[in-house]
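Reading the structure
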Amino acid sequence: MDNQTKKKASFTGTIGFVLAAAGSAVGLGNIWRFPYLAAQNGGGLFILIYILLALTCGFVLLITDIAIGRKTGKTALEAFGAVSSKFKFLGALSTVVPTLILAYYAVIGGWILKYMVDYFTGQGAQTATDGYFGAFLASPVSPIIYTFIFLAATALIVYKGVEKGIEKFSKVIMPGLILLIIGIAVFSVTRSYTDPVSGVTRTGLEGMYQYFVPNFDGMTVSRFFKIVMDAMCQLFYSLSVAMGIMITYGSYVKKDTSLTKSVIQIEAFDSGVAILAGLMILPAAFVFNGSIDAGAGPGLIFVALPKIFEAMGTVGHVAGALFFVMVVFAALTSCISLMETVVAGGMTLFKKSRKQVSWIAFVVFAAMGVVVCLGYNLITFRMPLPPSFAVDATTGTILDILDFFCNYIMLPIISLGTCILIGWVKKPQWIISEIEEGGKPFKAKAMYSIIIRYVAPVIVIIMLFKATGKF
Ligand code: PHE
């Protein structure tokens, strides 16, 4: 049995890896931010730009992380040091960042769980009442309990290991998630509503049209630039790159797996779910609110959407229940990838078994989760954040501050470090040879080199400026 812990963990095959990585990529970002960004930024135009960026910059950053992991065979904490001792600090950063993200992602997971339970226990109507979400956040105990349950589920899967936990779970959950999201999207697109006062009928198809048709109204060069940058930031976050996660998962990938094909599949999964999420939310918002703009973030899924489900009548309660199951799936697989990165780092750092570290992680993250939860009631500390940040957080709570620091500051810094290390210190060939391992073809070599050396570094520097409100 003890040999079990010594044996190097790995995914059994390509499908398991692709689904686990897609599970990490598909998360709250796809559901609560992508549809909003598309609605705000010219609909189909945004989708088009997003896909183009995914096939170029997204592809390069994702394959780089995965290849670093597979080539070094080490988790994020040690991988950078193994590439170059001067870049060891990137390994530390790539482990600290998922630690901080997990501290608040699990709390949001708890909120989602709470809403799921509400819908399943016939209290869907209540979630639509004014002030419901605020009152939930203000209660000192309930959010903490849900956070604990969500964390326990996460820790249990990580505890079971890469193959028996993460891979097995992803293989069941990811197809389920796709089915749910397609079902809800079809339901949303086929809704219609006649306003009793004006007599005007709005249909889901009209909402879908507004979402998909590229809208160039009021387009200027600077607006176009803003759209590209919004798409870029969203893409980085959505692909879970520059957070050590994909390096860690990459270290579990077998040498005969084609990295190019896997990355394309992961991206197709991620973008597909993001686009479907828009199809799920925007037509319903259009039908019942008269506009595809229903906001983003917690305000969208915990306030606006429950009201939309309520407006649908009884059937809305079923739709709401299924919706929150789907979001729980999406958040859980992302949370698992965060905890795996931290636990894998902890195993090497403390020379302890997976099981021991998983337990410790549960306790430590539960404690961090308590602090984040109390940030909405007993802890009154607030910090103003740049307006470029979230839609509804001008005075940031602990959760907002962590989110801002990790995703807007640290993510570009780690990306920049990775680009410098691979593009300039090691040279792109170092990664290309790993991609070509076993005679696998890699046609986009030239594109890869140009993006990792020139394009990506420039973009992440702009992202950093943008985060601080300098753009
Ligand atoms: N990629 C996830 C999403 O789009 C978010 C995430 C970021 C998950 C970082 C894990 C780590 O929601």
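These remarks concern the structure in this document.

Some points on helix α14 (residues 259-289)
The end-to-end C-alpha separation of α14 is 44 Å, in line with the 45 Å expected for 31 residues at 1.5 Å each. Within α14, 24 of the 31 residues are buried, which leaves it mostly tucked inside the rest of the structure. One or two steps after α14, the chain reaches Gly 290, where phi turns positive at roughly 85°.

Remarks on empty space enclosed by the protein
One pass over the full model with this rule turns up four cavities of 30 Å³ or more. Empty space within the largest cavity amounts to approximately 130 Å³. Along the wall of the largest cavity there are 16 residues; nearest its centre are Ser 24, Tyr 105, Tyr 237, Ser 240 and Ser 334. For the lining of the largest cavity, the secondary-structure elements that each account for two or more residues are α2 (14-25), α3 (28-40), α6 (88-120), α12 (221-238) and α16 (314-350). Quantified by volume, the second largest cavity comes out at close to 70 Å³. Lining the second largest cavity we find Ile 184, Phe 187, Ser 188, Met 280, Ile 281, Ala 284, Leu 305, Ile 308, Phe 309, Met 312 and Phe 323. Those elements giving two or more residues to the lining of the second largest cavity turn out to be α10 (162-189), α14 and α15 (297-311). In terms of residue class, the lining of the second largest cavity is built from ten nonpolar, one polar and no charged.

Side note on the site of the ligand
Close to the ligand lie 14 residues, the nearest being Ala 25, Leu 28, Gly 29, Tyr 237 and Met 243. With respect to the ligand, the backbone of Tyr 237 contributes an N or O atom lying 3.0 Å from a nitrogen atom. Contact with the protein chains hides 100% of the accessible area of the ligand, taken as 320 Å² for the molecule alone. Here the ligand occupies the largest cavity. Looking at the shell around the ligand, the elements with two or more residues in it are α2, α3, α12 and α16.

Concerning the nonpolar core
Of all hydrophobic cores here, the largest spans 173 residues; its most connected members are Ile 31, Trp 111, Ile 112, Met 280, Ile 301 and Phe 323. Per-element tally for this core: the top contributor is α16, with 18 residues. Apart from residues no more than four positions distant in its own chain, Phe 323 is found in contact with Ile 31, Ile 184, Met 280, Ile 301, Leu 305 and Phe 309.

Focus on α16
End to end, α16 covers 53 Å across 37 residues, agreeing with the expected 54 Å (1.5 Å per residue, within 8%). Burial within α16 is extensive, with 27 of its 37 residues counted as buried.

Calculation rules
- Residues numbered from 1 in each chain as written.
- Predicted model: local features only at pLDDT ≥ 70, side-chain atom pairs only at ≥ 80, totals over all residues.
- Heavy atoms only, no water.
- Helix = DSSP H or I, 4+ residues; strand = E, 2+ residues; numbered from the N terminus.
- Expected span 1.5 Å × (residues − 1).
- Buried < 20%, exposed > 50% of the residue type's maximum accessible area, 1.4 Å probe, protein only.
- 1 Å grid on protein atoms, 1.4 Å probe; cavity = no way out; pocket = protein on both sides within 12 Å on 5 of 7 lines; lining within 4 Å.
- Points joined across faces, edges and corners; volume = space filled by probe spheres on them.
- Nonpolar A, V, L, I, M, F, W, Y, C, P; charged D, E, K, R; others polar.
- Near = heavy atom within 4 Å.
- Polar contact = N/O pair within 3.5 Å; in protein donor to acceptor, adjacent residues only side chain to side chain.
- Areas by Shrake-Rupley, 256 points an atom, 1.4 Å probe, with all protein chains shown as cover.
- Sits in = over half its atoms within 2 Å of the grid points.
- Core = buried A, V, L, I, M, F, W, Y, C linked by side-chain atoms within 4.5 Å.
- Contact = heavy atoms within 4.5 Å.

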